[in-house]
Structure formats: C-alpha cells, structure tokens
Amino acid sequence: MGHVPVLLDEVLEALDPRDGETYVDGTFGGGGYALRVLAAADCALYGIDRDFDAMTRAEALAGQHPKLTPLLGRFGEMDELLSTAGVTAVQGVMLDIGVSSFQIDEGERGFSFMRDGPLDMRMGQTGPSAADVVNHMSVGDLITIFRQLGEERQAKRIASAIVTRRSAEPFKTTLDLAQCIEDAVGGRRGKKTHPATLTFQAIRMYVNDELGELARGLAAAERLLAPGGRLVVVTFHSLEDRLVKQFLRERSGAMGGGSRYMPEVEKGPEPSFELKRRKATEPGEAEIKVNPRARSSRLRVAVRTEAPAWAQPVETGNTVPPLKALEAAL
Ligand SMILES: C[S@@+](CC[C@H](N)C(=O)[O-])C[C@H]1O[C@@H](n2cnc3c(N)ncnc32)[C@H](O)[C@@H]1O
C-alpha cells in the first residue's frame, strides 16, 4: 500500500500555489503533496528526499511532470541543494516530518517492530544504523536517547535489558529488539500500543538526527524563502511540534519582550516570519477515521517577511550525544 498524505487540503490551502512560482517539497516521500501542488498551478517544484527509494519514485514521476525536479539530499541543506540547481529564492516550502508508509511497510528497512528485518532505520541509507546504536552505545547514552527522544518512562529498565542481552549476543533484527523490550517491561498488559513503540521512535529519531534536521531545515527555509513566501510544516508528535512552534514564535517576535524581572531584554532582530495562525491546525474526525495515522499530526504555517534571515541557530533543546561521536567510534 502507498502513503496516504495527511492534512492534504489544509497543506494546499496554506501553500496557496500560483502560476509562475517555485516551491520546495523537502519531504517528497510518495509525492502526495507535490502532485497536488503541480496540479493546482503552473509552477515549478523541487522535490527533496534523503531516501533513494523516494527519489526513484520522484524520477519516475518527473517523466510525466516536466516541472518536477527531484533532488536527493537532506532538507537541512535545502538552500545549498537549490543553489546547485541555480535557484536562490522560492515562494513556498513544505515539510511533512517523519517516516513514510513506504519505509514502515518495507520490513527490510528495519523501521517497524511489527515486521522482521535487519535493525537499520536509516532513511538516507548511510551512517550508523539502529543496530550500531543498541549494540555499541553506553547504557547512560541509551537512557538519555530513550528519555529525550521517546519520552519513555521505562528508559532505564529497557536500556539495562538491552545491554545485558547484547553482551551474550548482539542485536541483528527488529523483532529481536522488540521482544527484548517487551520482556523487559512485562508485556503488553492489555495496552493498545506495543511496549517497544517509544523506544523504536527514539532510536529512529536518533539514527536520522531528526530534531537536528528539523532545526536546520527551518533555518534553511528561512534563508531560501522570498518575502511573501509560505512555510508549511506538518509534524507527528509533540517534540517536533514544540520545536516548530518555538521557532515561529521567536522569529515572528511573539516571544514578548521584557518582564518585571528582566525589564531590559535586548530587542531581537526584525521578525523574519509573520504567523498565519497562532494555533496549529489539527485533522478533523473524518480524516482520522479513514487514516488513523493522521491523529497526532499538526500543521503550522507562516509567511516570510522582508527582514533578513536571523543569524541565531535553531536549538533542538535536547542533550543526546552527537551521532558523529558514534560514527567515529565504530
Ligand atoms: C511523511 S513522509 C512524506 C510524505 C509526502 N508528504 C507525501 O505526501 O507522499 C516523509 C519523507 O521525508 C523524508 N525525510 C525525512 N527526513 C528528511 C530529511 N531530513 N531530509 C530529506 N528527506 C527527509 C523521508 O525519507 C520520507 O520519505
């Protein structure tokens, strides 16, 4: 089965495609958003994805859609990718954060605790894999990752079980890890979600540096968007939505200046974004009914102002060890 795009009508309305404009889809996936945009206006669209399989789909679609240009790479460097294609400003950027159903459903990619496969989880098929994380990182680092990226309350118990088990035999497969976690936390106990859900989410986010990419992607979109350009971001859980919300509040000057205790807060740079709505848009019941995966999705939209992009980097707010340290240690 393919990938069912979430909040599709809302994304289209927010991007507001117009003839002659240029857009970036930073998370091409199955092209669900991209094809709707190309059908809505006579515009150019650059489809970025770090996944080779997604790019193969994009290349095939580009044969039928001459204004679609696939670009393999990370959206955290979208301005550099676009500049190699000769584009220095665009009128819209879409980001649909997370994994696609193509990736989850393919056991060989190792994302799912429901399907057996190698313990991989790398969207870009390079760098350390999920197996490298669970077989090589210290118990303390694993606890930090499971707590901060999975918000897993049983992080300590799960990390200890992983370290004990790997000393006898390293983990190789998804089901092997899922079973170890299930044994460690005492089974499902009538719960709807599998006990490995949050740990798998944390490992996937770590292996793909998903929060770091989101932070870099927001800053790259800020540099690439022309005045009046629309930034449209869909997230799937609170850690990501919090980062987008914080970025847009800061960059739109909505953080408020000064307080009784800190009256002399330095005034920041001019706002680089104008918020379209303060609140995130959530899917309606009808969409959730046909696509339960949409339940936790949130859409945020902002319009680029004339002000220059801010120099301040975007903080992820977590303290997980850098992925590069693991890469160097392997
Ligand atoms: C939720 S899917 C997007 C689905 C798409 N909107 C559609 O309608 O088909 C997310 C996609 O983003 C890609 N992705 C995730 N992080 C990325 C990053 N940092 N750079 C580029 N692509 C990324 C994944 O490989 C995946 O294909």
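Structure: see above.
Keep in mind that what you see is a predicted model, and the values were worked out from it rather than measured. (Residues numbered from 1 in each chain as written. Predicted model: local features only at pLDDT ≥ 70, side-chain atom pairs only at ≥ 80, totals over all residues. Heavy atoms only, no water.)

## Some remarks on the overall build of the protein chain
Rule in force here: In DSSP terms, a helix is any run of H or I states spanning at least four residues, a strand is any run of E spanning at least two, and both are numbered starting from the N terminus. Here the radius of gyration uses the C-alpha set of atoms, whereas the globule reference equals 2.2 Å times the residue count to the power 0.38. Burial here depends on accessible area, computed with a 1.4 Å probe over protein chains only, as a share of the maximum for the residue type. Under 20% is buried, over 50% is exposed, and the range in between is partly exposed.
Each helix and strand in the protein chain was counted, giving 14 helices and seven strands. The globule rule puts the C-alpha radius of gyration for 330 residues at 20 Å, and the 21 Å found for the protein chain is close to it. The dimensions of the protein chain, computed from C-alpha atoms along their principal axes, are 60 × 60 × 45 Å. A burial count over the protein chain gives 52% of its 330 residues as buried.

## A look at the nonpolar core
Soluble globular proteins tend to pack their nonpolar side chains together in the buried interior. Threshold: For the purposes of this section, nonpolar cores are sets of buried Ala, Val, Leu, Ile, Met, Phe, Trp, Tyr and Cys residues that join through side-chain atoms within 4.5 Å. Note on definitions: a residue-residue contact is assigned when non-hydrogen atoms from the two residues lie within 4.5 Å.
Formed by 68 residues in total, the largest nonpolar core has its most connected members in Met78, Phe146 and Leu231. No other element matches helix α11 (residues 210-224), which puts eight residues into this core. In this view, Met78 contacts Val24, Ile48, Val93, Leu95, Gly217, Ala220, Ala221 and Leu224; residues no more than four positions away in its chain are not counted. Residues Ala14, Tyr33, Phe236 and Val301 belong to the second largest nonpolar core, which totals 28 residues.

## Digging into the sheet that holds strand β5 (residues 225-235)
Under the convention used in this document: Paired strands, as defined in this entry, are two strands with at least two bridges between them according to DSSP. Angles here are taken between N-to-C directions and fall from 0 to 180 degrees, while the axes themselves are lines fitted to C-alpha atoms, restricted in helices to the stretch in contact.
One open sheet accounts for seven strands, arranged β3-β2-β1-β4-β5-β7-β6; its pairing is mixed. Edge strands, defined here as strands with exactly one partner in the open sheet, are β3 (68-72) and β6 (273-275). Recorded for the sheet is a direction-independent mean angle of 20° between the axes of neighbouring strands. Where strand β1 (residues 22-25) and strand β4 (residues 90-96) come together, three bridges link them in parallel fashion. Looking across to β4, one finds that Val24 is bridged to Val93. Together, β2 (44-49) and β3 form the strand contacts of helix α3 (residues 52-64), whose direction differs from that of β3 by roughly 160°.

## Here we look at the site of the ligand
The criterion, for reference: Distances are taken per atom, and a residue is near a molecule or strand as soon as one of its heavy atoms is within 4 Å of it. Here a polar contact means two N or O atoms within 3.5 Å. Within protein one must be a hydrogen donor candidate and the other an acceptor candidate, and residues neighboring in sequence count only if both atoms are side-chain atoms. Surface exposure here means Shrake-Rupley accessible area, sampled with a 1.4 Å probe, where a residue is shielded only by the protein chains that are shown. Residues were grouped as follows: Ala, Val, Leu, Ile, Met, Phe, Trp, Tyr, Cys and Pro as nonpolar; Asp, Glu, Lys and Arg as charged; and all remaining residues, including Gly, as polar.
Near the ligand there are 23 residues, and of these Asp49, Phe75, Asp96, Gln103 and Glu213 occur at the shortest range. The separation between a nitrogen atom of the ligand and a polar main-chain atom of Phe75 is 2.9 Å. Bound to the protein, the ligand loses 98% of the 600 Å² it would expose on its own. Of the residues belonging to the shell around the ligand, the class tally is six nonpolar, eleven polar and six charged.

## Examining helix α7 (residues 139-150)
Note the threshold: By this rule, a helix spans an expected 1.5 Å times one less than how many residues it contains.
In this model, α7 (twelve residues) spans 15 Å end to end at C-alpha, consistent with the 16 Å of a helix rising 1.5 Å per residue. Leu142, Ile143, Ile145, Phe146, Leu149 and Gly150 are the residues of α7 that are buried. Buried residues along α7 sit in contact with α6 (130-136), α8 (155-168), α10 (197-207), α11 and α12 (238-251). Where α7 terminates, the next one or two residues include Glu151, which has phi positive at roughly 50°.

## Some points on the pattern of salt bridges
Test applied: We count a salt bridge whenever a side-chain nitrogen from Lys or Arg sits within 4 Å of a carboxyl oxygen from Asp or Glu.
Overall, the coordinates contain 20 salt bridges when judged by the stated rule. In this structure, the salt-bridge partner of Arg230 is Glu21, at a minimum N-O distance of 2.9 Å. Separated by 209 residues along the polypeptide, Arg230 in strand β5 and Glu21 in the loop between α1 (8-15) and β1 bring together distant segments of the chain. Taking relative accessible area as the criterion, Arg230 reaches 5% and is therefore assigned buried. Between Arg216 and Glu213 there is a salt bridge, and its shortest N-O distance comes to 3.2 Å. Taken together, the residues Arg216 and Glu213, both in helix α11 and three residues apart, mark about one turn of the helix. The class for Arg216 is partly exposed, based on a relative accessible area of 36%. Among the ionic contacts, a cluster of salt bridges with common partners joins Arg74, Glu77, Asp209, Glu213 and Arg216.

## Looking at the pairing of β5
Among the eleven residues that make up β5, nine are buried, leaving the element largely enclosed by the rest of the structure. Taken together, the six bridges between β4 and β5 define a ladder with parallel strand orientation. Across the sheet, the residue bridging to Gly92 is Arg230, located in β5. Pairing geometry for β5 and strand β7 (residues 298-304), over six bridges, is antiparallel. Its bridge partner being in β7, Val232 is matched across the sheet by Val301.

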